[in-house]
Amino acid sequence: MSTPTGVDYFDLAADLTEEERRVWASVRAFVDERLVPVAGGYWERAEMPLDLLKEYASLELVGDGLEGPGIPRLSHTAAGLVTMELSRGDGSFATLLGVQAGLAMRSIAFLGSEEQKRRWLPAMARLEVLGAFALTEPDHGSDAVALATTARRDGDEYVLDGAKRWIGLGTACDVCVVWARGEDGQVQGFLVERGTPGYEASVIEGKASLRAIHNADIRLEGVRVPAENKLPGARSFRDTGLVLSATRAGIAWGALGHATAAYEVALAYSLERTQFGKPLASFQLVQDKLVTMLAEVTAMQLYCVRTSRLAEQGRLTDTQASLAKVNATRKARTVTAVARDLLGGNGILLEHRVARHMADVEALHTYEGTESIQTLIVGRHLTGIGAFT
Ligand code: FAD
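Right, let's walk through the structure included here. (Residues numbered from 1 in each chain as written. Predicted model: local features only at pLDDT ≥ 70, side-chain atom pairs only at ≥ 80, totals over all residues. Heavy atoms only, no water.)

Some words on the overall build of the chain
Then step 1. For the chain, the count of helices and strands is 10 helices and 9 strands.
Then step 2. Taking 389 residues into account, the globule formula puts the C-alpha radius of gyration at 21 Å, and the chain, at 21 Å, falls close to it.
Then step 3. Dimensions of the chain, computed from the C-alpha atoms along their principal axes, are close to 80 × 50 × 40 Å.
Then step 4. Looking at the chain alone, contacts between residues at least 24 apart form 75% of all its contacts between residues at least 6 apart.
Then step 5. Measuring between centres, the 41 positive side-chain charges of the chain sit 3 Å from its 49 negative side-chain charges. (Helix = DSSP H or I, 4+ residues; strand = E, 2+ residues; numbered from the N terminus. Rg over C-alpha atoms; globule rule 2.2 N^0.38 Å. Contact = heavy atoms within 4.5 Å. Lys, Arg positive; Asp, Glu negative; His and termini not counted. Charge placed at Lys NZ, Arg CZ, Asp CG, Glu CD.)

Focus on the side chain of R21
Then step 1. Take R21: it is sitting in helix α1 (residues 18-45).
Then step 2. Buried and unpaired, R21 has no salt bridge, with E18 as the nearest side chain of opposite charge at 4.2 Å.
Then step 3. Polar contacts involving the side chain of R21 include one to the main-chain carbonyl oxygen of L16, which spans 3.0 Å. (Buried < 20%, exposed > 50% of the residue type's maximum accessible area, 1.4 Å probe, protein only. Salt bridge = Lys/Arg side-chain N within 4 Å of Asp/Glu carboxyl O. Polar contact = N/O pair within 3.5 Å; in protein donor to acceptor, adjacent residues only side chain to side chain.)

Quick word on the nonpolar core
Then step 1. Counting 76 residues, the largest nonpolar core has Y56, L86, F93, M105, L160 and W179 as its most contacted members.
Then step 2. Ranked by residues supplied to this core, first place goes to helix α4 (residues 91-111) with 12 residues.
Then step 3. Non-local contacts of L86, meaning those with residues more than four positions away in its chain, are made with V27, F30, V31, L35, Y56, G91, F93, A94 and L97.
Then step 4. Of all hydrophobic cores here, the second largest spans 38 residues; its members include L12, A262, V265 and V335. (Core = buried A, V, L, I, M, F, W, Y, C linked by side-chain atoms within 4.5 Å.)

Section: the pairing of strand β2 (residues 150-154)
Then step 1. Relative to strand β3 (residues 157-168), β2 runs antiparallel, the two being bridged by 5 bridges. In the sheet register, R153 faces β3, and the bridge partner there is Y158.
Then step 2. Between β2 and β3, which pair antiparallel one after the other, the connecting turn spans 2 residues, and G155 there sits at a positive phi close to 65°. (Pairing = 2+ DSSP bridges.)

Some words on the pairing of strand β7 (residues 215-226)
Note on strand geometry: in a regular strand, side chains alternate between the two faces of the sheet.
Then step 1. Note that β3 and β7 share 9 bridges and pair antiparallel. Its bridge partner lying in β7, I167 is registered against A216.
Then step 2. The pairing of strand β6 (residues 199-203) with β7 spans 5 bridges and is classified as antiparallel. Bridged to A201 within β7 is I218.

Regarding the site of the ligand
Then step 1. Residues in contact with the ligand amount to 18 residues; listed here are only the nearest, F133, T136, S142, T370 and F388.
Then step 2. F133 places a main-chain nitrogen or oxygen 2.8 Å from a nitrogen atom of the ligand.
Then step 3. Between the ligand and L135 there is a distance of 2.9 Å, counted from an oxygen atom to a backbone nitrogen or oxygen.
Then step 4. Looking at the shell around the ligand, the elements that each hand over two or more residues are β3, α9 (354-366) and α10 (371-383). (Near = heavy atom within 4 Å.)

In structure tokens:
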């Protein structure tokens with residue numbers, strides 16, 4: 001078995017299971033051989049690398065640690081390593097899989113009926129069917145709990161009206177999990193299938209982050225959904241929150257992947273690039289920056305492995321996951337910025353990768369609950385005082 005190599009200063013790989021190391025090596029090879037060489041081009045063209053999906057599906061790694069029909073069994077740690085490696089290659093590709101498995105498949109696995117799970121999950125795990133997760137609205141981002149899209153029962157159907165914004169894969173998906181307020185005033189979830197009249201999605205143009213995944217503005221006008229497409233387990237926003245809190249630790253792994261890429265590129269560059277007759281790596285200030293990056297990456301690794309192990313034991317709390325996300329996205333912003341600086345002018349060229357990671361981390365800092373919102377969640381836990389309003 002090939003052993004994964006990479007930044008692992010505290011030899012965390014030694015504590016992984018054989019299966020986790022196998023998964024890591026498998027995704028790492030895909031990332032280095034197939035994703036890294038093309039990622040910059042897709043990013044620059046703002047194109048989604050959909051042609052890579054079939055090959056990636058053959059690795060049988062889509063599932064994000066979920067249980068359900070047709071889903072390959074991965075430990076939370078293995079799922080985290082997958083997210084980390086994909087993000088080390090390309091944040092857009094990692095986010096595409098995060099939307100697919102982390103959000104859309106998780107909504108069905110956690111809150112769907114047995115029939116919905118059997119119908120959707122195996123095909124989604126094979127990436128033959130793409131999913132999206134439509135929670136955010138033009139007027140409700142951090143306060144998604146106040147979402148305004150409505151769901152009204154009409155005979156054997158529900159009728160959805162409203163608008164959604166920022167929805168990853170919203171234009172490309174075969175099924176979109178749409179969150180709407182029911183007649184009981186509670187947030188409910190619905191599976192809206194491709195081609196349903198009244199679902200109009202358009203790509204948000206001009207993104208400077210995660211350019212290789214398309215996000216959509218969606219208009220929902222009289223969208224009729226059969227009653228059997230309502231998620232029976234989604235009875236209030238608390239249920240939506242179960243999906244969101246389960247994905248938060250995954251964002252931390254993603255941020256770790258971006259930081260790892262930036263550190264690796266900066267270390268290699270500082271050894272190759274000569275100024276004042278010496279490699280950059282020979283200057284004390286440069287070594288200080290490299291060690292700062294390594295320290296941050298190593299701290300993120302420890303957080304990530306620990307949160308995943310807690311999740312495997314059913315002991316990871318919402319606030320621990322929030323702290324992991326805050327810590328990781330903050331550190332990733334620092335590490336990618338330091339790496340960009342170390343590459344000088346080349347640091348802003350896509351061919352050197354670091355600028356893309358630096359830009360992509362900005363989306364992770366914001367999506368699935370901003371840094372400030374995660375901080376407020378932890379702050380409320382520490383003090384017992386909610387400071388959201
Ligand atoms: P706002 O809520 O308007 O926040 C703006 C600023 O105000 C932020 O700094 C925020 O922290 C701060 N703020 C807000 N409230 C408070 C407060 N009480 N106290 C202090 N500060 C506060 N959503 C989906 O449903 N599905 C997706 O697939 C999806 N994909 C996304 C992909 C990308 C690339 C991006 C950028 C977003 C995506 N989102 C998606 C939406 C994402 O979850 C929201 O952008 C995020 O929750 C923040 O909402 P907002 O952008 O409306 O910002």
